[in-house]
Amino acid sequence: MEYIGSLPVGTLVLYMVYLAYLRLSGHFKERWTDVEKLALIKRESKVNMNQSIYRPLGLLRVGDLRGRNIRSRDLGLPGSFYVSILYDPARYADARASSELANVDVSSGCAHEIGSTVSPGITASPEWNSIEDSAELTHVKHMLPNITDILDHTRHEAAGSMGGSERKSSIGYPIPTPITERVREVVMASDNEPATNTRLSLLPWEESHGAVVLQVKYTEVLSSFFDNVLGEVVIPIAKLVGSGNKGVEGWFRVLEAGTKDCIPGDEPESPRSAPDPAGDGDAGSYQRSSSSGKGTAPPIEHPQVHVRVNFSPTVIAGDSALQKSDIEASKVICEEMARTASGKQSSGGSVIGSSLNTINTVRTLGGNLQNQLAFVVDLVEQGRNAFNFSSPQITIVLFVCLLALWSILATIPTRIIVLAVGLVQYSATFYSKFFYKPKRTVRNTSDEVDKEVTGNPLENLCLSIPTDEDLRRTYFWEAKREGERERKKLAAAKRESRLEKLWKTQWHGTLKIKRNDPDTSLWRWESAFALIEGHRFIWWKSEKHFDTGEASEGSLFFAGHAGLSGLSPLDLRELPTGDIPSVVSIFGRGQQGQQKVTCLAPDHTAKQTLENAVIFASSDTKAD
């Protein structure tokens, strides 16, 4: 107990030695550079959570869209309207179920846009005969090689069931089976108490919380800055499953945005009459109804939308044994939906609303209070960073001082040091009271000015200690590079899985493609990512464009006169001598007829592999 004063100081010295070891071994730097990498891994693990179980795909098809009594709510005038088709996985889930669903399925965090119609013009009875794919659906089609054929096949089947003269444009969208986290079994623990084992399981389509949402929107320019939704029509997925393969078709009322009600509309009693030259077609029906009886009130004309919705519980997975391509296709669609939901959540909120909220927050808290809190937090961070070698020069000085203090406390008993400190304080007070006589000095303004300019050296030393925000900014770009390397590694693993199980490629890799400038006679090599799938040679601008589902730069179909070709005299004259041994010329049927593509392989081995794959694809009739 005589030297107990050295214990806390010695503990702090040993801890600083450990921090010095972390600094020298690079762990201190990893704390800041691995932030982006760890965030990416955490986000990917959350996305992969809903891929840990195979989710069979169902096909949703929406078409035959027409409107009636579609007018603005304020003025009651017809306008230019279009319909945005959405799939909302959690429309009929309450707050608790929605929270639980978001924990196990990231894609349920937002509504997914399937497509949107093209406005037919200003009318109260529009017929939307043209539907365009959304960006999300376009990416899915580019990622899956056979999903386009499946959607087109079911599209023709759905159109055929509507009659030859009444066929309308329709759109299909694959959706994964909903999942839930339920208690699957009860395991007896060692103390004979039941321990629940929870895991993900498929939720029957009849219990799905999802719905098809048809949003009727304005197409005016100013509506993009404000809420441009006139109303919504909601059709639950459970209702589509209950109807079997017949689907749901009819008129539905357009209700307020965010509704969960599905109210059928009024079926017309007679075929639609010719439009009145003085107005739209519905004005004539109003005149006829008003003239039928003087005491009868005119009927309320609710805005309505006609739609035909079909749902098939299974798209790719058949009754036969489960294929790897089915599992991989489900993973790709789940990943794309999760990425869309994450992007919408991170960029949620409008610009106007965010600015107003920021202004209100600043006015409420007050700028002075925020500055005081920030000052206190910065002091705490600077005090901590003074001992963890964030600034090695300052920390070494503190370490030497603490080491000297520990030596003194470990050599001299603590009671003697306490007694000495008390005597020094008593002597200083006694001297200032009885012996000290202050001297009158002339005030020198130049010294005060120099002191204000230079400041307090101790204060400057403390302010030079970095805060956590300073360290984050220091390692910001290095953390970005670490995150980009991790992203490339994860993307490469997913790409190899897709190419093997979905595309079933004979060859894939990076190369350079010769591009000719149409305006001049100049040419250049451009990097590309290419693959050979069946009888097709397809290339993208880069590997990232292939991973994100962007459209391909071009393709060649090996049919008829196709395969490898030699270099022309013009190629031999234009190409550098060092590139000629690695050049491969491929010709086939392109988008504009017969086409030739000149490629530069990375090395001789890649050239040989590419040539063998082209020969096999152009000569084998069984390749598909």
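Calculation criteria
The numbers attached to residues start from 1 for each chain and follow its sequence in the written order. Thresholds applied to this predicted model are a pLDDT of at least 70 for local features of residues and 80 or more for the giving and counting of side-chain atom pairs; totals over whole chains, interfaces and linings are not thresholded and use all residues. Only hydrogens and water are set aside when side-chain values are computed; all heavy atoms of the structure are taken into account. Strands are runs of DSSP state E lasting at least two residues, helices are runs of H or I lasting at least four, and both sets are numbered from the N terminus onward. Summary of the burial criterion: residues with accessible area below 20% of their type's maximum are buried, those above 50% are exposed, and those between are partly exposed, where the area comes from a 1.4 Å probe applied to protein chains only. Residue contacts are counted whenever heavy atoms from the two residues lie within 4.5 Å of one another. Under the convention used here, a 1.4 Å probe and the Shrake-Rupley method define accessible areas, while residue burial counts only the protein chains that appear. Think of a 1 Å grid over the protein atoms and nothing else: a 1.4 Å probe that fits but is trapped marks a cavity, an open set flanked by protein within 12 Å on at least five of seven lines marks a pocket, and residues with an atom within 4 Å of a point count as lining. Grid points are joined across faces, edges and corners, and a volume is the space filled by probe spheres set on the points. Under this grouping Gly is polar, as are all residues other than the nonpolar Ala, Val, Leu, Ile, Met, Phe, Trp, Tyr, Cys and Pro and the charged Asp, Glu, Lys and Arg. Residues grouped as a nonpolar core are buried Ala, Val, Leu, Ile, Met, Phe, Trp, Tyr and Cys residues, joined through side-chain atoms within 4.5 Å. Salt bridges are counted wherever a side-chain nitrogen of Lys or Arg sits within 4 Å of a carboxyl oxygen of Asp or Glu.

A.B. asks: Help me out: how do you make sense of the overall build of the chain in this one?
C.D. replies: Assigned secondary structure in the chain consists of 20 helices and 20 strands. The proportion of buried residues among the 624 residues of the chain is 38%. Expressed as a percentage of contacts within the chain between residues at least 6 apart in sequence, the contacts between residues at least 24 apart total 70%. Just so you have it, the chain exposes about 36900 Å², and 57% of that area is on carbon and sulfur atoms.

A.B. asks: In this structure, what is going on with empty space enclosed by the protein? I would like to understand it.
C.D. replies: Think of a ball as big as a water molecule: rolled over the atoms, this probe shows where empty space is left. Within this structure, the stated rule accounts for two cavities of 30 Å³ or more. When its volume is computed, the largest cavity comes out at roughly 110 Å³. What lines the largest cavity is a set of 14 residues, and nearest its centre among them are R55, Y87, P89, D105 and P178. Across the lining of the largest cavity, the residue classes tally to eight nonpolar, four polar and two charged.

A.B. asks: Hey, could you run me through the nonpolar core in this one?
C.D. replies: Burial of nonpolar side chains together is a common tendency in soluble globular proteins. L60, V62, L65, I85, L214, I237 and L240 are the most contacted members of the largest nonpolar core, which totals 50 residues. Look past the residues within four positions of L214 in its chain and what remains in contact with it is V62, L65, V83, S84, I85, G231, E232, V233, V305 and V307. W507, A530, V597 and V614 belong to the second-largest nonpolar core, a separate cluster that totals 19 residues.

A.B. asks: Can you walk me through the environment of S497 in this structure?
C.D. replies: Structurally, S497 can be placed in helix 17 (residues 476-503). By relative accessible area, which is 16% here, S497 ends up buried. Residues S497 and E328, spaced 169 residues apart in sequence, show a C-alpha to C-alpha distance of 7.7 Å. Excluding residues that lie within four positions of it along the chain, S497 makes contacts with E328 and L502.

A.B. asks: Where do I start with the pattern of salt bridges in this structure?
C.D. replies: Proximity of charged atoms lets side chains of opposite charge pair with each other. Applying the stated criterion to the full structure yields 28 salt bridges. The residue R308 makes a salt bridge to E249 at a minimum N-O spacing of 2.8 Å. Here E249 lies in strand 12 (residues 248-253) and R308 lies in strand 13 (residues 304-312), a separation of 59 residues in the sequence. Linked through salt bridges whose partners overlap, the residues forming this network are K514, D571, E574 and K596.

By themselves, these are just geometric observations and shouldn't be taken as functional.
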